[in-house]
Amino acid sequence: MTTTAGRVRLAGPVLHPRICAALTAVSCLVHLWLAASGHHDAWLGILMIALAAVCVPCTVHIWRHSRVGALHQVTISALAMVGLHAVLLLGAGGSGHAHGGGPASSAVDTSGAAQLLLVIGLEITTALLAATLVARLRRSQRVAAAVAF
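Each residue is numbered by its place in its chain's sequence as written, counting from 1. Restriction of local features to residues with pLDDT of at least 70 applies here, the model being predicted, together with a cutoff of 80 or more for giving and counting side-chain atom pairs; totals for whole chains, interfaces and linings are based on all residues. Side-chain measures here rest on the full set of heavy atoms in the structure, leaving out hydrogens and waters.

Mind laying out the overall build of the protein chain, listing which residues take part and the relevant values?
Only DSSP runs of H or I with at least four residues qualify as helices, and only runs of E with at least two residues qualify as strands; both kinds are numbered from the N terminus onward. For the protein chain, the count of helices and strands is four helices and zero strands. The linear arrangement of helices and strands in the protein chain, starting from the amino end, is α-α-α-α. Put simply, of all contacts in the protein chain between residues at least 6 apart along the chain, 61% involve residues at least 24 apart. Accessibility throughout is a Shrake-Rupley quantity obtained with a 1.4 Å probe, and a residue counts as covered only by protein chains that appear here. As displayed, the protein chain offers around 9,100 Å² of accessible surface, 70% of which is attributable to carbon and sulfur atoms. Whether two residues are in contact is decided by their heavy atoms, any of which lying within 4.5 Å being enough.

Lay out the UniProt feature "transmembrane region" (unreviewed entry) in the protein chain in plain terms, naming residues and giving numbers.
The residues that UniProt annotates with the feature "transmembrane region" (unreviewed entry) are residues 19–36, 42–62, 74–93 and 113–135. For residues 19–36, the end-to-end C-alpha separation is 26 Å, with 100% helix and 0% strand making up the annotated structure. Note that residues 113–135 is 100% helix and 0% strand, and that its end C-alpha atoms are spaced 33 Å apart. UniProt positions are given in the numbering used here, feature names are shortened, and annotations may be inferred rather than shown by experiment.

Describe helix H3 (residues 68–91), naming the residues involved and giving the relevant values.
Any helix carries an expected span of 1.5 Å times its number of residues minus one. Helix length check: H3 (24 residues) gives 34 Å between terminal C-alpha atoms against 34 Å at 1.5 Å per residue, within 8%. Relative accessible area decides the class of each residue, using a 1.4 Å probe on protein chains only: under 20% of the type maximum gives buried, over 50% gives exposed, and in between gives partly exposed. Where H3 is concerned, the buried positions are Ala70, Leu71, Val74, Thr75, Ala78, Met81, Val82, His85 and Leu89. In this structure, the buried residues of H3 make contact with helix H1 (15–37), helix H2 (42–65) and helix H4 (113–148).

Before we move on, could you go through the environment of isoleucine 120 and cite the residues and values that matter?
Following the sequence through the fold, isoleucine 120 ends up in helix H4. Each C-alpha atom of the pair isoleucine 120 and methionine 81 lies 7.4 Å from the other, and the pair is 39 residues apart in sequence. Not counting residues up to four positions away in its chain, the partners in contact with isoleucine 120 are Val82, His85, Ala86 and Leu89.

Below, the structure is given as structure tokens:
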């Protein structure tokens, strides 16, 4: 398939991978921002930087090529983050989690529960986008294989 400028465009979905990659990039930026903000212990900040570093290559692979392996990694990571943040939310009796040994953050509310729910929603959305993109790519491969015969 060619564009009006004569460049070759890859077949398959374009908007779906872009949205998935952009949402993954936002998650990386949030991790870096939280690590730099100093609201968490140093070891947790280092862990967030490491998580962002692991996700950046996947973001690039999804944006450029819609690589299934990168989509699987993003889906698994997002679901792991959902589980972790749900444990933090429920483990604290619904009162949020403490930052750096201090009181819970009061950016949204005094308990921090709303912040954790927002993070859980973002990660569920990321996992859903990545999983549905894998399904679309597999379906388009099956259709292409059927047409080739």
